[in-house]
Amino acid sequence: MADSAFTATTVTRAFTTTTVTRAFTGRPARALGDHFTDRFDASPRPATRPRTTSAPLRKAATAAGDTRPIRLWAGTGHREARTESAADPFACLAVRMRGRG
């Protein structure tokens with residue numbers, strides 16, 4: 001479920017920005033700017049690991065289809081993401097390469 005929720009979220013146009021956040025693991029990482037990063041990134045660095053303490057929240061949210069508290073790691077090019085299998089770009093490349101030969 002988490003993978004499908006993540007995929008659906010990254011290809012949507014609802015997210016317009018990414019942010020470097022410590023909200024999920026305590027270490028800086030780029031993620032989609034959302035409710036969770038907005039709320040918890042500004043918190044002082046916790047004594048416990050955010051990943052451990054937020055695990056029950058993320059599990060329940062994923063089961064309910066709520067992507068707000070799950071980790072939405074994404075780079076700055078996330079808006080170029082498409083829903084396709086990993087094999088599709090290679091098949092397209094193979095067709096293009098055959099046309100050149």
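Procedures and definitions
- Residues numbered from 1 in each chain as written.
- Predicted model: local features only at pLDDT ≥ 70, side-chain atom pairs only at ≥ 80, totals over all residues.
- Heavy atoms only, no water.
- Helix = DSSP H or I, 4+ residues; strand = E, 2+ residues; numbered from the N terminus.
- Buried < 20%, exposed > 50% of the residue type's maximum accessible area, 1.4 Å probe, protein only.
- Contact = heavy atoms within 4.5 Å.
- Areas by Shrake-Rupley, 256 points an atom, 1.4 Å probe, with all protein chains shown as cover.
- Polar contact = N/O pair within 3.5 Å; in protein donor to acceptor, adjacent residues only side chain to side chain.
- Patch = residues over 30% accessible without salt bridge, like charges linked within 9 Å, V, L, I, M, F, W, Y side chains within 5 Å.
- Salt bridge = Lys/Arg side-chain N within 4 Å of Asp/Glu carboxyl O.
- pLDDT = per-residue confidence, 0-100.

Participant: Tell me about the overall build of the protein, and please be specific about residues and values.
Facilitator: A tally of helices and strands in the protein yields 4 helices and 2 strands. Secondary structure elements of the protein occur, N-terminal to C-terminal, as α-β-β-α-α-α. Taken over 101 residues, the protein has a buried fraction of 26%. At a minimum sequence separation of 6, the contacts of the protein that also span at least 24 residues come to 55%. Here the protein has roughly 7000 Å² of accessible surface; of this, 55% comes from carbon and sulfur atoms.

Participant: Could you give an account of the side chain of threonine 18, with specific residues and numbers?
Facilitator: Tracing the backbone through its elements, the reader meets threonine 18 in strand S1 (residues 18-21). Threonine 18 gets classed as buried once you look at its relative accessible area, which sits at 19%. Among the polar contacts listed, one links the side chain of threonine 18 to the side chain of arginine 30, at a separation of 2.8 Å. Look past the residues within four positions of threonine 18 in its chain and what remains in contact with it is Arg30, Ala31, Leu32, Gly33, Ala74, Gly75, Thr76 and His78.

Participant: Which residues make up a nonpolar patch on the surface, and what values do they have?
Facilitator: A grouping of Phe90, Leu93 and Met97 is seen on the molecular surface, where their side chains present a nonpolar patch of about 340 Å² in accessible area. The residue phenylalanine 90 is located in helix H4 (residues 87-100) in this model.

Participant: Hey, could you go over the environment of threonine 19 for me, with residue numbers and the actual values?
Facilitator: With respect to the secondary-structure elements, threonine 19 resides in strand S1. On the basis of relative accessibility, which here comes to 26%, the residue threonine 19 falls in the partly exposed class. The spacing of threonine 19 and aspartate 38 is 19 residues in sequence and 9.3 Å in space, taken between C-alpha atoms. Excluding residues that lie within four positions of it along the chain, threonine 19 makes contacts with Ala29, Arg30, Ala31, Gly33 and Thr37.

Participant: Describe the confidence of the model for the protein, listing the residues and the values that go with them.
Facilitator: Model confidence for the protein is summarised by a mean pLDDT of 76, while 74% of its residues fall at 70 or above. Helix H1 (residues 2-11) is the least confidently modelled element of the protein, averaging 63 in pLDDT, while H4 averages 88, the highest of any element.

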